[in-house]
Amino acid sequence: MPATLKKLTELHVQGLYRSMLGGGLSVRTVRYAHAVLRRVLKQAVHWMLAPRNSCDAADPPKVQRDEMRPLDREQARRVLDTAAECSPDRAPDRFHALYVLAVHVGMRPGEFLTLKWEDVDLEAGVLSINRALSMAGEFTAPRPRRAGDASGPPPAPSPP
C-alpha cells in the first residue's frame, strides 16, 4: 500500500472526483469524500507513508447555489389572499399573521419562528431579530446578512 500512496498524484484525485460525479453522485457527496480522503492522506503523510497530501492541490467540485427568486407582487398577493380566505367549511389559516410578516419584512423562517412579544415595539414600529432557529432545532444568534440578501423589506402587495 505505501508504494501506491507514493505514486498518488493530484490528477488521480481529480479523476476520482470526475468519475464520482459522472457516476451520478452529488457534489455534496464528492465534497464529503474529498474531506475524508484529505484527512486520511494527512495521516499517511504524518506516518511517512506518503510524501505529500495529494488532496491539497486537487479541487473538489463547487456547490452551485441557485439564485433565490423571491415572490413577485402578484405571487405575494395570492399567497396572502389564500391564507386569509374564509369559507363556511374553512377558517382563515391560523398562521396568516406569520405569512404577512414573512412577505412584508423578508425575514428568514428561522428568524420569524423565534419571535417573542418582547421583540416587538408597536409604538416605535420596530421588530428586533434577537435569535434564530437552526436546522438542528437549537436557538442561535441570527446570521449576519450577506451581500446578496435583501437590504430592506420587499414591496408590499398592492391593495385589491
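Here the residue numbering is sequential within each chain, running from 1 through the sequence in written order. Whole-chain, interface and lining totals are the exception, using all residues; otherwise, since this is a predicted model, local features are given only for residues with pLDDT of at least 70 and side-chain atom pairs are given and counted only at 80 or more. Processing note: side-chain calculations cover all non-hydrogen atoms of the structure and skip hydrogens and water entirely.

The name given to the chain in an unreviewed UniProt entry is Tyrosine-type recombinase/integrase, with the source organism recorded as Rubrobacter radiotolerans.

Colleague: Just to check I follow, could you spell out the nonpolar core for this structure?
Modeller: Residues belong to one nonpolar core when they are buried, are Ala, Val, Leu, Ile, Met, Phe, Trp, Tyr or Cys, and are joined through side-chain atoms within 4.5 Å. When accessible area is computed with a 1.4 Å probe and restricted to protein chains, residues below 20% of their type maximum are described as buried, those above 50% as exposed, and intermediate ones as partly exposed. Grouped together as the largest cluster of nonpolar side chains are 10 residues: Leu5, Val13, Tyr17, Met20, Val30, Leu41, Ala44, Ala50, Cys55 and Ala58. Every helix listed is a DSSP run of H or I at least four residues long, and every strand listed is a run of E at least two residues long, numbered separately from the N terminus. Secondary-structure elements contributing two or more residues to this core are α2 (10–22) and α3 (27–46). What makes two residues a contact is simply this: any of their non-hydrogen atoms within 4.5 Å. With near-sequence residues (within four places) excluded, valine 30 lies in contact with Tyr17, Met20, Leu21, Leu25 and Pro61.

Colleague: Would you explain the pattern of salt bridges in this entry?
Modeller: Two side chains of opposite charge can pair, provided their charged atoms sit close to one another. By definition here, a salt bridge exists when the distance from a side-chain nitrogen of Lys or Arg to a carboxyl oxygen of Asp or Glu is within 4 Å. The tally for this structure, following the rule as stated, stands at 5 salt bridges. When the shortest N-O distance is used, the salt bridge between arginine 108 and glutamate 111 registers 3.1 Å. Grouping residues by exposure puts arginine 108 and glutamate 111 together as buried. Of the charged contacts, one joins arginine 131 and aspartate 119 as a salt bridge, the two residues approaching to 2.7 Å between their closest N and O atoms. Taken together, the residues arginine 131 in the loop between β2 (126–127) and β3 (132–133) and aspartate 119 in the loop between α6 (109–112) and β1 (120–121) connect sequence positions 12 residues apart. Like aspartate 119, arginine 131 is buried. Residues participating in the shared-partner salt-bridge network are Glu118, Asp119 and Arg131.

Colleague: Can you help me understand the side chain of histidine 34 in this one?
Modeller: As for its placement among the helices and strands, histidine 34 is situated in helix α3. A relative accessible area of 12% means that histidine 34 is categorised as buried. Residues contacting histidine 34, with those up to four places away along its chain left out, are Tyr17, Cys55, Ala58 and Pro60.

Colleague: Please clarify how the side chain of arginine 131 should be interpreted in this entry.
Modeller: Arginine 131 gets classed as buried once you look at its relative accessible area, which sits at 14%. Here a polar contact is taken to be a pair of N or O atoms separated by no more than 3.5 Å, where protein atoms must pair a possible hydrogen donor with a possible acceptor and residues adjacent in sequence count only if both atoms sit in side chains. A distance of 2.9 Å separates the side chain of arginine 131 from the backbone oxygen of threonine 114, its partner in a polar contact. A distance of 2.7 Å separates polar atoms of two side chains, one belonging to arginine 131 and the other to aspartate 119. Each residue touching arginine 131, except ones within four places of it in the same chain, is listed here: Gly110, Glu111, Thr114, Leu115, Lys116, Glu118, Asp119, Phe139, Thr140 and Pro142.

Colleague: What should I look at first to understand the packing of α2 against α3 in this one?
Modeller: When two helices pack together, their arrangement is captured by the angle between the axes and the distance separating the axes. Axis angles are defined between N-to-C directions and span 0 to 180 degrees, where every axis is a line fitted to C-alpha atoms and, for a helix, only to the segment in contact. Where α2 contacts α3, the axes come no closer than 9 Å and their chain directions differ by 150°. It follows that α2 is roughly antiparallel to α3 by the angle criterion. As for the relative orientation of α2 and α3, their crossing is right-handed in sense. Where α2 approaches α3, its residues Val13, Leu16, Tyr17, Met20 and Leu21 are matched on the opposing element by Val27, Val30, Ala33, His34 and Leu37. Geometric relationships in this document are graded by angle, where less than 35 degrees denotes roughly parallel, more than 145 denotes roughly antiparallel, 65 to 115 denotes roughly perpendicular, and other angles denote oblique. Left-handed describes a crossing whose near helix is turned anticlockwise from the far helix by less than a right angle; the clockwise case is right-handed.

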